[in-house]
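The chain contents come next:
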Amino acid sequence: MRSAEDRYRTLLDASSTFADQPTIKAVLHSLRDVLSSSCRLHGAHLYVLGGDGETLHLLDFDREADAPAIRIGTRISLIGAAARALEEREIVFLPDVSQEMLRHPELAPFAAESVGRATYVFPLFTSQHRYGILVVTKDRGQEFVPEDVELLRSLASHIAVALECALARDNAELYQRQVVKERDRLRLLLEINNHIVSKLDINELFRAASASLRTYFRNDFTGFWLIDKQSNQLECVVLDFPSGKGSLTAVLKSELSDTDHEKLRAHVPELLSIEEIETLPARIVEKLKAESISSMAIAPMVTAGGPLGVITMGSRRPDNFGREDLDLLSQISNQIALAVDNAIAYGHVTEARDRLEEERLYLESEIRSEYTFEDIVGKSAALRKVLDQVAIVAPTQSTALLHGETGTGKELFARAIHTFSPRRERTFVRLNCAAIPSGLVESELFGHEKGAFTGALMQKKGRFELADHGTLFLDEIGDISLELQPKLLRALQEHEFERLGSTKTIRVDVRLIAATHRDLQAMIRNNQFREDLFYRLNVCPIEIPPLRERREDIPLLVHYFVLCHSRQMQKRIKSVPKQAMEALVNADWPGNIRQLENFIERCVIFTQGDELNVLRAELKKPSVRSVASAAPSFEQAERQAIIDALIAASGRIAGKGGAAERLGLKRTTLQNKMNKLNISRAEYSG
């Protein structure tokens, strides 16, 4: 028998002990210690009422080693003694608990071990709620004395209060965790949205987003993959794997099957366990295993226009991602997909804008440059024959090779072919291969990357890129080096090339028109020109006649040039003397139309009245062709053209109206040519 003072002291100790326990499980474990001085319990089991109000589940226990091994979490129906105790809120005594256990299929297997054990079922409730039952069992042959029952009733009330507090605390902690999780989720969505707003460059957006994802999901790697529609491949644009060994860099591209396309269009995110990772293509599985990746999350990036790519996340921890994570990643993929769609559109607009700007700058430079003449002037049979060929060739996409002496106007015929072709709305880009040092011709044709060579301070697009979907005119094609010829042949045949200093292949759609005054077949025999390149260029050959073969056009050209230059010099020249015109028609003109124009310009300069002052004394000079017929015709023609330009420029090499500007050359290039051709000041001054 326990005195009232002992019971009160025990209750006070129990209350103090229970208050010190952090959880309800710890409270239960302390129960036997509190009662050890007064009675010995064989076991105490705490069953908590389920949310449905129809079942109880074993929350925890404290029992002897030989007690029935009922597992935590075992669920029983709310029937029998348990139901009676909770409904009546009264203690239920069971002389032999095994009989009650037989009523519950989950407990029946343990009934034999509990035969003869007296048990009390204490309801756990407060004024607010019913929480469950406390089942207390004595050793066999021992009975509960009334004082122990009353003490246990009081302790059960303490346990109910402690359970209420613990559940309230658990609910508060759960709510706090949910609030924190929702806060972190919203913070992540806000961060991603800020990245989208502030990062116009798609790679910068991916890198910033991957850092935010890693902070939230605690994943090991994040990959952003975009669909290359031309190659039908998924290409990894950004792979963020700070702790990686580099194995995944070997699988930055992946072929897409029809099934993959369907899955992307369905916009269904996926969670992959280690077993599901094993079903991926073997080469990918091998690399993922090398990095010890055990779980993955995949979310397609899809817009109204179709799938754009996927976001992949991987972790070395199994089950690192849950369904809630997948839903959040799906929302993020929707945000980023819109940004990617906008970035791609922005890229197309920027590319078009840059292209138009480059074409504008190029065309402005073309407008500022001085052309030999502005239109094709003449009506001779030889000229009409060429124009008929131009009319036939122009509508095709075929390469044309214009052959003719220096100064015959090959560029003008090339422009005519472009003007009457389907490409007339796009750019006509020209390059004089003889006017540029041989080492720089490749850079001019194909462009270069920043730092590709000394002096390459920025990226530069080549003439092939500028002429995409337009026409590229290569004048003096016979002057390109043997080393460059195979690269040009490949660009013409494959419609692709690489910039200097880059490994990225650029595809273009360019129509080529080439021109030369050289005998390319003779150069082939002398191993100076590739035969395969010649055949590729010589698809539509057009021979431009020299001026001496179209003399009936000379009067028209003379009047045309007189009109142009007299307007430019603000002179009123009304006529050309008949005898002077005959002299002009009968002259040899080895420099062809260029020489004729330069001569007429010089005549306009020296004309004071309204009748052209033709410098007939110059027409009587022996031509370079007859004086040095043994010398190569190209060098002599080039030499005479330079001298004519210097005479027309009054000996000035550089500056506005200087010889360099007239010839379309740089000052240093012209000076080098003058030194090479031994042109002295006496030949063009005085």
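What you see is a predicted model, and the numbers here were worked out from it, not measured in a lab.

Trainee: Tell me about the overall build of the protein chain, and name the residues and values.
Mentor: Scanning the protein chain from N- to C-terminus turns up 26 helices and 21 strands. Taking all 686 residues of the protein chain together, the buried fraction comes to 48%. Within the protein chain, counting contacts between residues at least 6 apart in sequence, those at least 24 apart form 66% of the total. A total accessible area of about 35300 Å² is found for the protein chain, and carbon and sulfur atoms account for 51% of it.

Trainee: So what about the packing of aromatic side chains? Which residues, and what values?
Mentor: Within the structure shown, the criterion is met by 13 aromatic pairs. Among the aromatic residues, those joined into a cluster by ring pairs are Phe 93, Tyr 120 and Phe 122. Over the face of the ring belonging to Phe 61 we find Arg 63, whose NZ or CZ atom lies 3.5 Å from the ring centre.

Trainee: Kindly report on the nonpolar core, identifying the contributing residues and their values.
Mentor: Judged by nonpolar contacts, the single largest core of 32 residues is most densely connected at Leu 445, Phe 464, Leu 472, Leu 474 and Ile 477. Looking at this core, the elements that each hand over two or more residues are strand E14 (428–432), helix H14 (438–446), helix H15 (463–466), strand E17 (471–475), helix H16 (485–494), strand E20 (511–516), helix H17 (520–525) and helix H18 (531–537). Broken down by element, the residue count for this core peaks at four residues, all from H16. Ignoring sequence-local partners within four residues, the contact set of Phe 464 consists of Leu 445, Phe 446, Leu 472, Leu 488, Ala 491, Leu 492, Phe 497, Val 508 and Val 510. Judged by nonpolar contacts, the second largest core, of 29 residues, contains Ile 192, Leu 205, Ile 311 and Leu 326.

Trainee: Residues and numbers for the confidence of the model for the protein chain, please.
Mentor: A residue-level look at the protein chain finds 88% of positions with pLDDT of 70 or above and a mean pLDDT of 83. Every residue in residues 624–631 is under pLDDT 50, and counting partners more than four places away or in other chains gives 10 contacts.

Trainee: I'd like a rundown of the sheet that holds strand E12 (residues 306–315), residues and numbers included.
Mentor: Taken together, six strands build an open sheet; the order of strands is E9-E8-E7-E12-E11-E10 and the sheet is antiparallel. Strands at the two margins of the open sheet, each flanked by one partner only, are strand E9 (253–255) and strand E10 (270–272). Looking at each pair of strands side by side, their axes are set apart by 25° on average, direction ignored. Pairing analysis gives nine bridges linking strand E11 (residues 295–303) to E12, with the strands arranged antiparallel. The partner of Ile 298 across the bridge, within E12, is Thr 312. Across the face of the sheet, helix H8 (residues 258–266) comes into contact with strand E7 (221–228), E9, E10, E11 and E12 while running at roughly 90° to E12.

Trainee: Quick rundown of the side chain of His 42? Include the residues and the values.
Mentor: Secondary-structure assignment places His 42 in strand E1 (residues 41–49). A distance of 3.4 Å separates the side chain of His 42 from the side chain of Arg 117, its partner in a polar contact.

Trainee: Could you give an account of the environment of Thr 516, with specific residues and numbers?
Mentor: Along the polypeptide, Thr 516 turns up in strand E20. Those residues in contact with Thr 516 that lie beyond four places of it in its chain are Leu 401, Leu 402, His 403, Gly 404, Lys 410, Glu 476, Ile 477 and Gly 478.

Trainee: Help me get a handle on the sheet that holds strand E21 (residues 540–543), residues and values and all.
Mentor: Within the open sheet, the five strands sit side by side as E14-E17-E20-E13-E21. Their pairing is parallel. Here the strands that pair on one side only, and so sit at the sheet edges, are E14 and E21. For this sheet, the mean inter-axis angle between neighbouring strands, taken without regard to orientation, is 20°. In the sheet, strand E13 (residues 400–403) pairs with E21 via four bridges, with the strands oriented parallel. By the bridge assignment, Ala 400 is partnered in E21 with Cys 540.

Trainee: Describe in detail the environment of Arg 507, supporting the description with residues and values.
Mentor: Residue position: Arg 507 is located in strand E19 (residues 505–507). Spatially, the C-alpha atom of Arg 507 lies 8.8 Å from that of Asp 468, the residues being 39 residues apart in sequence. Those residues within four positions of Arg 507 in sequence are excluded, and the remaining contacts are Glu 494, His 495 and Glu 496. Within polar-contact distance, the side chain of Arg 507 engages the side chain of Glu 496 at 2.9 Å.

Trainee: Run through the pattern of salt bridges, naming residues and quoting values.
Mentor: Scanning the entire structure with this criterion turns up 29 salt bridges. Arg 499 is the partner of Glu 449 in a salt bridge, and the nearest nitrogen-oxygen pair spans 3.0 Å. Of the two residues, Glu 449 is situated in the loop between strand E15 (447–448) and strand E16 (460–461) and Arg 499 in the loop between strand E18 (496–498) and E19; the sequence distance between them amounts to 50 residues. Just as Glu 449 is buried, Arg 499 falls in that class too. Between Asp 532 and Arg 530 there is a salt bridge whose closest N-O contact spans 2.8 Å. On the basis of relative accessible area, Asp 532 is assigned to the partly exposed category, the value being 32%. What emerges from the salt-bridge pattern is a single network uniting Arg 490, Glu 496, Glu 498 and Arg 507.

Trainee: How would you sum up unusual backbone geometry? Please name residues and give values.
Mentor: Even without being a glycine, Asp 319 presents a positive backbone phi close to 55°. The backbone of His 469 sits at a positive phi, close to 65°, despite the residue not being glycine. Position of His 469 relative to the elements: it lies in the loop between H15 and E17. Accessibility expressed as a relative area gives 39% for His 469, which makes it partly exposed.

Trainee: Account for the side chain of Asn 592, with residues named and values stated.
Mentor: Mapped onto the fold, Asn 592 is located in helix H21 (residues 592–605). The exposure class assigned to Asn 592 is buried, which follows from its relative accessible area of 0%. Ignoring sequence-local partners within four residues, the contact set of Asn 592 consists of Glu 405, Thr 406, Gly 407, Thr 408, Pro 546 and Leu 547.

Trainee: Break down helix H4 (residues 80–88) for me, with residues and values.
Mentor: When we look at burial in H4, the residues that qualify are Gly 80, Ala 81, Ala 82, Ala 83, Ala 85 and Leu 86. The secondary structure elements touched by the buried residues of H4 are E1, strand E2 (55–63), strand E4 (92–94), helix H5 (97–101), strand E5 (119–125) and strand E6 (130–138). The first or second residue beyond H4 is Arg 89, which carries a positive phi of 55°.

Trainee: Kindly report on the pairing of E11, identifying the contributing residues and their values.
Mentor: When you tally the buried positions in E11, you get nine out of nine residues, the bulk of the element. Neither face of E11 is open: one carries Ser 295, Ala 297, Ala 299, Met 301 and Thr 303, the other Met 296, Ile 298, Pro 300 and Val 302, and all of them are buried. In this structure, E10 lies alongside E11, joined through three bridges in antiparallel fashion. Among the inter-strand pairings, Glu 270 is bridged to a residue of E11, identified as Ile 298. Where E11 folds back on E12, the antiparallel hairpin that results is connected by two residues.

Trainee: Let's hear about the packing of helix H12 (residues 381–393) against helix H13 (residues 410–419): which residues, and what values?
Mentor: Viewed as axis vectors pointing N to C, H12 and H13 meet at an angle of 40°, and their least axial separation amounts to 10 Å. The chirality of how H12 crosses H13 is right-handed. Every residue of H13 that contacts H12 at Leu 383, Val 386, Leu 387 and Val 390 is listed here: Phe 413, Ala 416 and Ile 417. Looking at the contact of H12 with H13 residue by residue, the class counts come to seven nonpolar, no polar and no charged.

Parameters and conventions
- Residues numbered from 1 in each chain as written.
- Predicted model: local features only at pLDDT ≥ 70, side-chain atom pairs only at ≥ 80, totals over all residues.
- Heavy atoms only, no water.
- Helix = DSSP H or I, 4+ residues; strand = E, 2+ residues; numbered from the N terminus.
- Buried < 20%, exposed > 50% of the residue type's maximum accessible area, 1.4 Å probe, protein only.
- Contact = heavy atoms within 4.5 Å.
- Areas by Shrake-Rupley, 256 points an atom, 1.4 Å probe, with all protein chains shown as cover.
- Phe/Tyr/Trp six-rings, centres within 6.5 Å; stacked < 30°, edge-to-face > 60°.
- Lys NZ or Arg CZ within 6 Å of the ring centre and 35° of its normal.
- Core = buried A, V, L, I, M, F, W, Y, C linked by side-chain atoms within 4.5 Å.
- pLDDT = per-residue confidence, 0-100.
- Pairing = 2+ DSSP bridges.
- Axes fitted to C-alpha atoms, helices over the stretch in contact; angles between N-to-C directions.
- Polar contact = N/O pair within 3.5 Å; in protein donor to acceptor, adjacent residues only side chain to side chain.
- Salt bridge = Lys/Arg side-chain N within 4 Å of Asp/Glu carboxyl O.
- Left-handed = near helix turned anticlockwise from the far one by under 90°.
- Nonpolar A, V, L, I, M, F, W, Y, C, P; charged D, E, K, R; others polar.

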